Amino acid sequence: MTDRELMDCISRADTRAFEELYDRYVRGCFGLAMKIVRDPSIAEEVVQDVFLKLWSNPLTFSPERGKFSGWLLTLVHNRSVDKLRRLKTTSGRVVLPLESEDDGEVSLADILPDSAPTPYDEAWSSEKGQIVREALSTLPKAQQEALTLAYFGGLTQKEIAEKLDEPLGTIKTRTRSALLQLRCILAGQGLLGEPL
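Here the structure is a predicted model, which means the values were calculated and not measured.

Student: Could you give an account of the overall build of the protein chain, naming the residues involved and the relevant values?
Tutor: The secondary structure content of the protein chain amounts to 9 helices and 0 strands. When the helices and strands of the protein chain are placed in sequence order, the string is α-α-α-α-α-α-α-α-α. A fraction of 57% describes how many contacts in the protein chain between residues 6 or more apart in sequence connect residues 24 or more apart. Of the accessible surface of the protein chain, which amounts to about 12,400 Å², a share of 53% is contributed by carbon and sulfur atoms.

Student: Tell me about the packing of aromatic side chains, and please be specific about residues and values.
Tutor: Here the distance between the centres and the angle between the planes together describe a pair of aromatic rings. If you walk through the whole model with that rule in mind, you get 7 aromatic pairs. The interplanar angle of 80° and the centroid separation of 6.2 Å between the aromatic rings of Phe18 and Phe51 together place this pair among those described as edge-to-face. With Phe18 in helix 2 (residues 15–37) and Phe51 in helix 3 (residues 40–56), this pair connects stretches of sequence that are 33 residues apart. Its relative accessible area of 18% is what places Phe18 among the buried residues.

Student: Just give me the short version of the packing of helix 2 against helix 3, but keep the residues and values in it.
Tutor: Orientation of helix 2 relative to helix 3, taken along the N-to-C sense of each, is 140°, at an axis distance of 9 Å. With respect to the hand of their crossing, helix 2 and helix 3 are arranged in right-handed fashion. For the pair helix 2 and helix 3, the contacting residues are Thr15, Phe18, Leu21, Tyr22, Tyr25, Val26, Cys29, Phe30, Ala33, Met34 and Val37 in the first and Pro40, Ile42, Ala43, Glu44, Val46, Val47, Phe51, Leu54 and Trp55 in the second. When its residues are assigned to classes, the contact of helix 2 with helix 3 shows 18 nonpolar, 1 polar and 1 charged.

Student: So what's going on with unusual backbone geometry? Residues and values would help.
Tutor: For Ala13, which is not a glycine, the phi torsion comes out positive at approximately 65°. Following the sequence through the fold, Ala13 ends up in the loop between helix 1 (3–10) and helix 2. On the basis of relative accessibility, which here comes to 52%, the residue Ala13 falls in the exposed class. Phi at Asp165 takes a positive value of approximately 55°, unusual for a residue other than glycine. Looking at the element boundaries, Asp165 is found in the loop between helix 8 (157–164) and helix 9 (168–188).

Student: For the packing of helix 8 against helix 9, give the residues involved together with the corresponding values.
Tutor: Following both chains from N to C, one finds helix 8 and helix 9 inclined at 115°, their axes separated by 9 Å at the closest point. As summarised for this structure, helix 8 and helix 9 are arranged roughly perpendicular, according to the angle between their axes. As helix 8 runs across helix 9, the sense of the crossing is right-handed. Here Gln157, Lys158, Ile160, Ala161 and Leu164 of helix 8 lie close against helix 9, whose contacting residues are Leu168, Ile171, Lys172, Arg174 and Thr175. Partitioned by chemical class, the residues of the contact of helix 8 with helix 9 number 5 nonpolar, 2 polar and 3 charged.

Student: Provide a residue-level description of the pattern of salt bridges, including the pertinent values.
Tutor: If you walk through the whole model with that rule in mind, you get 4 salt bridges. Note that Arg24 is salt-bridged to Glu20, the shortest N-O span being 3.0 Å. Here Arg24 pairs with Glu20, and both are found in helix 2, just 4 residues apart, close to one helical turn. Judged by relative accessible area, which is 35%, Arg24 ranks as partly exposed. A salt bridge links Lys83 to Glu45; the shortest N-O distance between them is 2.3 Å. With a gap of 38 residues between them, Lys83 in helix 4 (residues 68–90) and Glu45 in helix 3 connect regions that are remote in the sequence. What emerges from the salt-bridge pattern is a single network uniting Asp3, Glu20 and Arg24.

Student: Which residues make up the nonpolar core, and what values do they have?
Tutor: Leu21, Leu54, Phe68 and Leu72 are the most contacted members of the largest nonpolar core, which has 28 residues in total. Contributing elements (two or more residues each) for this core: helix 1, helix 2, helix 3 and helix 4. The element that contributes the greatest number of residues to this core is helix 2, accounting for 9 residues. Setting aside residues no more than four positions away along its own chain, Leu21 makes contact with Asp3, Leu6, Met7, Ile10, Phe51, Leu54 and Phe68.

Cut-off values and rules
- Residues numbered from 1 in each chain as written.
- Predicted model: local features only at pLDDT ≥ 70, side-chain atom pairs only at ≥ 80, totals over all residues.
- Heavy atoms only, no water.
- Helix = DSSP H or I, 4+ residues; strand = E, 2+ residues; numbered from the N terminus.
- Contact = heavy atoms within 4.5 Å.
- Areas by Shrake-Rupley, 256 points an atom, 1.4 Å probe, with all protein chains shown as cover.
- Phe/Tyr/Trp six-rings, centres within 6.5 Å; stacked < 30°, edge-to-face > 60°.
- Buried < 20%, exposed > 50% of the residue type's maximum accessible area, 1.4 Å probe, protein only.
- Axes fitted to C-alpha atoms, helices over the stretch in contact; angles between N-to-C directions.
- Left-handed = near helix turned anticlockwise from the far one by under 90°.
- Nonpolar A, V, L, I, M, F, W, Y, C, P; charged D, E, K, R; others polar.
- Parallel < 35°, antiparallel > 145°, perpendicular 65-115°, else oblique.
- Salt bridge = Lys/Arg side-chain N within 4 Å of Asp/Glu carboxyl O.
- Core = buried A, V, L, I, M, F, W, Y, C linked by side-chain atoms within 4.5 Å.

Any functional reading would require information that these geometric values do not contain.
Shown next, in the form of structure tokens:
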């Protein structure tokens, strides 16, 4: 069955279709999550979250807006980066579980807004990602590495400097030069009129 046919079945709560789709993509999803979070247990959590979202709300995927695999990997990427940033910002903080109740009647999970992107946002994000990856591949390796660590690895410029054992000023210059070159490349393709 195609991905679209499986998703149609999943929208009718077909567990076998879900299992087949899961088996088809779980390795790729886990691999992408691992590249970003670099921790197997966190990567497993990310993948579980994404597939749970897929199962509980399969209609968020719209085949008219792009390939299923691109949409799914965009979900994994976004969830991984969010998880990584959340872990960095919450280290040292007390985390209140979602099951906690503020007045004994309503749980936090009931009142928190759903900030998940719409299917259109997911598809456009995937398309933008492809455009930027192609432009990124034209940059010198050192600039590619700095931007990749910043935007796909979620590292700060200071963390990149430490990781690469380079002066912070060098990393800042390298990152700025890379962003300027990307801007020129994207402008030359007429893409800067669109919000990238």
